[in-house]
Amino acid sequence: MLVISVSSPTQSKTKSDTIRIGTRESQLAQLQTSIVVAAIKANYPDAKIDVIFVTTRGDRTQDRPISALGTRGVFVKELEEALMADEVDLVVHSLKDLPTDLPDGLCLASVLQRADARDVLVSKNKTRFVDLPAGSRIATSSRRRAAQLRSIRQDLEFIDIRGNVPTRLRKHDEGQCEAMVLAAAGLHRLNLQDRITEYFESNVSTPAAGQGALAIECRSNDTRVLEIAASIEDKTVRAEITSERAFLDKLGGGCSVPIGALATADDAGQVKLIGCVASIDGKTVIRAELEGASTNAEKIGVDLADKLLALGARDVLEQLKQIPVTLSPP
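Colleague: Describe the sheet that holds strand β10 (residues 198-200), listing the residues and the values that go with them.
Modeller: Hydrogen bonds between backbone groups are what pair the strands of a sheet, and the pairing can be parallel or antiparallel. With mixed pairing, the five strands of this open sheet are ordered in space as β8-β7-β9-β6-β10. Lying at the two open borders of the sheet, with one neighbouring strand each, are β8 (157-159) and β10. Geometrically, the sheet is characterised by an average inter-axis angle of 30° between neighbouring strands, direction not taken into account. Bridge count for strand β7 (residues 137-139) against strand β9 (residues 179-183) is two bridges, and the pairing is parallel. Of the residues in β9, the one forming a bridge with Ile 138 is Ala 179. Packing against the sheet, helix α4 (residues 143-150) makes contact with β6 (119-123), β8, β9 and β10, and its axis sits at approximately 125° to β9. Of the strands in this sheet, β6 and β9 are in contact with helix α5 (residues 165-173), which crosses β9 at around 165°.

Right under this line is the structure:
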């Protein structure tokens, strides 16, 4: 068993050989951090690790939809501030929460262990999506998920829901909705996969860029942490998320835009990327694929974005600009 000390940012201002890891306090965030800690310990068995809990605005504000908070990276900003204030040495993110435009002085140091990237349905009596009664309430705070699934079932009501995964499941069990859409990765990591009714394939609900992958962010000039982070990186996952994030960045997509991207890299050095842009009302969904060498992962993302723009995504994105700028989780 790993023994990890836990403290607050103000207790860890003193420089030492200890690796200070910042993370959110949720059960899932702690589990994901333990994966990173175990990976570091495997390569640096004598490393001293201090896990520091940081509360983000998204965690503090539970009485409003995330789309109403109106700030960049509602689950990221305070973690990045802790990095820039030298209160932590690295932070662990669910990669899908991390915007493509990182603050000056910070970098995406490592990506590792991607779990199942798909979206999933949790429903009463294990009722599949196509069999849900008309008017059923489907809970998700993600515009991306709602837009794609609304295109298939205009007769369903998509409602916002807040809270960590166990809280959302409790709300479902209490009858606040008939079904909900979540990330498979979170349920698997929490050992709650038995709650899954069905998995949505990427041509039905294309996941958020980076979904299922873990990310390490650190200061760009911290050579010690950069070396540690590089030692635990999964190069296959790096190729996948490089393609996905290049696609997202080219489209100018933030959390307010229903954009999905999922790349799959194989042992032969190829990357296949599927990308999607949808209108919020679900009446327009533009989806396409592109494949190429993993060494060209970034170009594949850019080229697929250009392809979708040519297919009509430009008009969808222009229409979205007329909608008040709000954020939703990817």
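Colleague: Outline the sheet that holds strand β14 (residues 285-293), supporting the account with residue identities and numerical values.
Modeller: On the basis of which strands lie adjacent, the open sheet formed by three strands has the order β12-β13-β14 and antiparallel pairing. On the outer flanks of this sheet lie β12 (259-265) and β14, each paired with one strand and no other. When the angles between neighbouring strand axes are averaged without regard to direction, this sheet yields 15°. The pairing of strand β13 (residues 270-278) with β14 spans nine bridges and is antiparallel. Of the residues in β14, the one forming a bridge with Cys 276 is Arg 287. Packed onto the sheet, helix α8 (residues 235-251) meets β12 and β13 and runs at close to 155° relative to β12.

Colleague: Talk me through the pattern of salt bridges; I want residue IDs and the actual numbers.
Modeller: Applying the stated criterion across every chain yields a total of 24 salt bridges. Residue Arg 219 pairs with Asp 86 through a salt bridge whose shortest N-O separation is 3.2 Å. Highlighted residues: Arg 219 in strand β11 (residues 214-219) and Asp 86 in the loop between α3 (77-84) and β4 (90-94), separated in sequence by 133 residues. By relative accessible area, Asp 86 is classed as partly exposed at 23%. The salt bridge partner of Arg 238 is Glu 233, with a shortest N-O separation of 3.0 Å. Residue class for Glu 233 comes out partly exposed when judged on its relative accessible area of 22%. Connected via shared salt-bridge partners are Arg 20, Asp 86, Asp 89, Arg 219, Asp 222 and Arg 224.

Colleague: Describe the packing of α8 against helix α9 (residues 297-321), listing the residues and the values that go with them.
Modeller: The contact between α8 and α9 brings their axes to 8 Å, and the two run at 35°. As for the relative orientation of α8 and α9, their crossing is right-handed in sense. From α8, Ala 239, Thr 242, Ser 243, Ala 246, Phe 247, Lys 250 and Leu 251 reach across to α9, where they touch Ala 297, Glu 298, Ile 300, Gly 301, Val 302, Leu 304, Ala 305, Asp 306, Leu 308, Leu 309 and Leu 317. A class-by-class count of the residues in the contact of α8 with α9 yields 12 nonpolar, three polar and three charged.

Colleague: Describe the state of the cysteines, and please don't skip the residues or the numbers.
Modeller: Within the structure shown, the criterion is met by zero disulfides. Here Cys 218 is not disulfide-linked; the sulfur of Cys 107 is the nearest cysteine sulfur, at 4.0 Å.

Colleague: Describe the environment of Ile 228, listing the residues and the values that go with them.
Modeller: When you line up the elements, Ile 228 lands in helix α7 (residues 223-231). Accessibility expressed as a relative area gives 8% for Ile 228, which makes it buried. For the pair Ile 228 and Ile 19, spaced 209 residues apart in sequence, the C-alpha to C-alpha distance is 9.8 Å. Here Ile 228 is in contact with Ile 19, Ile 40 and Tyr 44, once residues within four sequence places are set aside.

Criteria and cut-off values
- Residues numbered from 1 in each chain as written.
- Predicted model: local features only at pLDDT ≥ 70, side-chain atom pairs only at ≥ 80, totals over all residues.
- Heavy atoms only, no water.
- Pairing = 2+ DSSP bridges.
- Helix = DSSP H or I, 4+ residues; strand = E, 2+ residues; numbered from the N terminus.
- Axes fitted to C-alpha atoms, helices over the stretch in contact; angles between N-to-C directions.
- Contact = heavy atoms within 4.5 Å.
- Salt bridge = Lys/Arg side-chain N within 4 Å of Asp/Glu carboxyl O.
- Buried < 20%, exposed > 50% of the residue type's maximum accessible area, 1.4 Å probe, protein only.
- Left-handed = near helix turned anticlockwise from the far one by under 90°.
- Nonpolar A, V, L, I, M, F, W, Y, C, P; charged D, E, K, R; others polar.
- Disulfide = S-S within 2.5 Å.

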